Amino acid sequence: MGHPAKTICLFFLFSSYVLFGQTSNDCLNSIQVCGSLQLGIEPAGVGFDEFSIPSNTRPPCFFGFSDTIWLSFTFVSDGTFGFTITPTNNTDDYDFAVYGPTDDCSLLGDAIRCSTTNPQAAGVSAATGLSTAEPNGDVSEGPGANGDGFLSGLNVLAGETYYVLIDRAIGNESFDIETTGTSQLPETPTINPTPDQELCDLDGPVDERTIFDLATLIPSINNQNNVAVTFHETLDNVSTGADPIELDYVNIANPQTLYYRVENTLTGCFNINEFDLSVSIPFDVTLPENLQICTNDPQPIVLITEPNYAFYEWSNGQSGENLNQITVNTPGTYSVIVTDISGCRATESTTIAGSSIANITEISVTSFAQNNNTAIVNTEGLGEYEYAIDTASNFQDSNTFTGLTNDYYNFYVRDKNGCGTVTKRQLILDYPRYFTPNGDGYHDEWKIIGIGDIEDIASIYIFDRYGKLLKQLSPQSNGWNGIYRGKLLPSSDYWFLLKFNNREDVAGHFLLKR
């Protein structure tokens, strides 16, 4: 059962593939064996009955057919030929028959080798096949315990074709086959690996289906002359060349394995490989929200989105493979386009509001309103502001303050976004409604606070109730102490007149109390 030195390996490595189905072929569609080749067919059924053709004789040692596979071997050199069929579980019972030399499946004639030895009954290994170590006359064995599972090898000539019918009589597993001998088979065509293909589902409703342009893969798979590249949905079909799919292919599962076949159109030799299709669905990305930049003191803001995507394009012109964050320092609307490895794209945008410390343009004052004066703080700026008086606390949203008396006030304006606080001092003009010149240090003079700081005031006049002028005061004076020509005037109502250069005069009365 030894083998000659020259060995050509043909492996049906079913265990290394996921089988999408089982099949049977026939002689006309036999699998052309060339060089070293991996296949993935598991016998299932018998297909067309070649022995219904009168010139074809059923294998003489077979009782019947269960699950069959046809292989064909066309040699390119003279020599010896053998093979070993080994069940992958080392248990199943495989039978075989050899026909030839012939290249016409309708003219098979009689089987030149036939084996149906049952390995368990014979007490031998489950491996079976042809061996040049067997006697030349050992051409048929079986059924049952008859034989050791191996028949004598063949002497073949260049150009001859032989067909091998393999039948799984007992069991349900696949097999490996190794060819042996000194003869040579034609070489399998070169087949280059193809990377997995991933696309984005951008062609309508998201259904995880899209069109793959398989034609674009062909040049990298094989660009030699006299070869054909076809794609198939199942391992069975790619092994037999059956049912090639369209090159504009819509996947039927996600993910999905596709198989491709490179066949030499002159020799019929082929090679197969596989790759995966996957369809990505559109995704979402995020950007930070509710951001502000203080234009008066800009601090950089980092915009960051999800990492680990293929490419990032930002609206400020920055882009890159790993650029999932950028730094900005001006307000505005920013967006990012994120692309994954399949071409799916997601877009997101965010607006950075500009804010700034306020500019107090004016404090509009209503004066001389009997201690109910008002002040409206008018501002300009990008921010949202709040207001306070006297101290930088107890801020309010309204910019209007009421109930103010004659005095100097500090008005505060604070940006709600944290861009800072400004203050402005403002005089509220009003006059005292009474004074008590009794020397106790409180309200001893009638005076208007801050009147000396008013540039357009001309003079202050004080009259008694009969209109007699009692005193003319300078705006810079300390006020009136209730004395007229050295005499203390009695408690009574008195009048005043404020003369202005560029606005309407103000008049009123007040009470002197003793």
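Calculation rules
Residues numbered from 1 in each chain as written. Predicted model: local features only at pLDDT ≥ 70, side-chain atom pairs only at ≥ 80, totals over all residues. Heavy atoms only, no water. Disulfide = S-S within 2.5 Å. Helix = DSSP H or I, 4+ residues; strand = E, 2+ residues; numbered from the N terminus. Phe/Tyr/Trp six-rings, centres within 6.5 Å; stacked < 30°, edge-to-face > 60°. Buried < 20%, exposed > 50% of the residue type's maximum accessible area, 1.4 Å probe, protein only. Lys NZ or Arg CZ within 6 Å of the ring centre and 35° of its normal. Pairing = 2+ DSSP bridges. Axes fitted to C-alpha atoms, helices over the stretch in contact; angles between N-to-C directions.

Enquirer: Where do I start with the state of the cysteines in this structure?
Expert: As used in these notes, a disulfide is a covalent bond between sulfur atoms, one from each of two cysteines. Scanning all chains against the criterion turns up five disulfides. The disulfide partner of C27 is C105, and the gap between their sulfur atoms is 2.0 Å. Disulfide C27-C105: the torsion about the S-S bond is -80°, which places it as left-handed. Here the residue C27 occupies a position in the loop between β1 (7–10) and β2 (31–33), and C105 occupies one in the loop between β5 (93–99) and β6 (113–117), the gap between them amounting to 78 residues. One disulfide bridge connects C294 with C419, the sulfur atoms lying 1.9 Å from each other. Of note, the bridge from C294 to C419 carries an S-S torsion of about -90° and is left-handed in sense.

Enquirer: Would you mind going over the packing of aromatic side chains with me for this structure?
Expert: Aromatic ring pairs: the centre-centre distance and the angle between the two ring planes describe each pair. For the structure shown, the criterion picks out 25 aromatic pairs. With a centroid separation of 5.3 Å and 75° between ring planes, the pair formed by F83 and F96 is classed as edge-to-face. With F83 in strand β4 (residues 79–87) and F96 in strand β5, the pair connects residues that are 13 residues apart, well separated along the chain. Plain terms: the ring middles of Y260 and F275 are 5.6 Å apart, the flat faces sit at 45° to each other, and that makes the pair tilted. You can see Y260 sitting in strand β17 (residues 256–264) and its partner F275 sitting in strand β18 (residues 270–280), a full 15 residues away along the chain. Relative accessible area serves as the criterion here: at 0%, Y260 is assigned to the buried category. An aromatic cluster is defined as three or more aromatic residues linked by ring pairs; in this entry it consists of Y431, F435, W446, W480, Y494, F496 and F510. For the cation-ring pair, R503 lies above F500, with the distance from its terminal atom to the ring centre recorded as 4.3 Å. Sitting over the face of the ring of Y434, K513 holds its NZ or CZ atom 5.4 Å from the ring centroid.

Enquirer: Can you walk me through the sheet that holds strand β29 (residues 400–404) in this structure?
Expert: The sheet built from three strands is open, its strands ordered β26-β27-β29 with antiparallel pairing. Lying at the two open borders of the sheet, with one neighbouring strand each, are β26 (359–366) and β29. Within the sheet, the average angular offset between the axes of one strand and its neighbour, ignoring direction, is 20°.

Enquirer: What is the right way to look at the pairing of strand β21 (residues 311–314) in this model?
Expert: One face of the sheet, then the other: side chains in a regular strand alternate in exactly this way. Where burial is concerned, the two faces of β21 differ: the one with Y312 and W314 is buried and the one with F311 and E313 is not. Where β21 lies against strand β24 (residues 332–339), four bridges are found, and the strand directions are antiparallel. Residue pairing across strands places E313 opposite I337, the latter belonging to β24. Judged from the two bridges that link them, β21 and strand β22 (residues 319–320) form a sheet pairing that is antiparallel. For Y312, the partnering residue across the bridge sits in β22 and is G320. Connecting β21 to the next strand, β22, in antiparallel fashion are four residues, including G317 with a positive phi near 100°.

Purely geometric stuff here, so don't read any function into it on its own.
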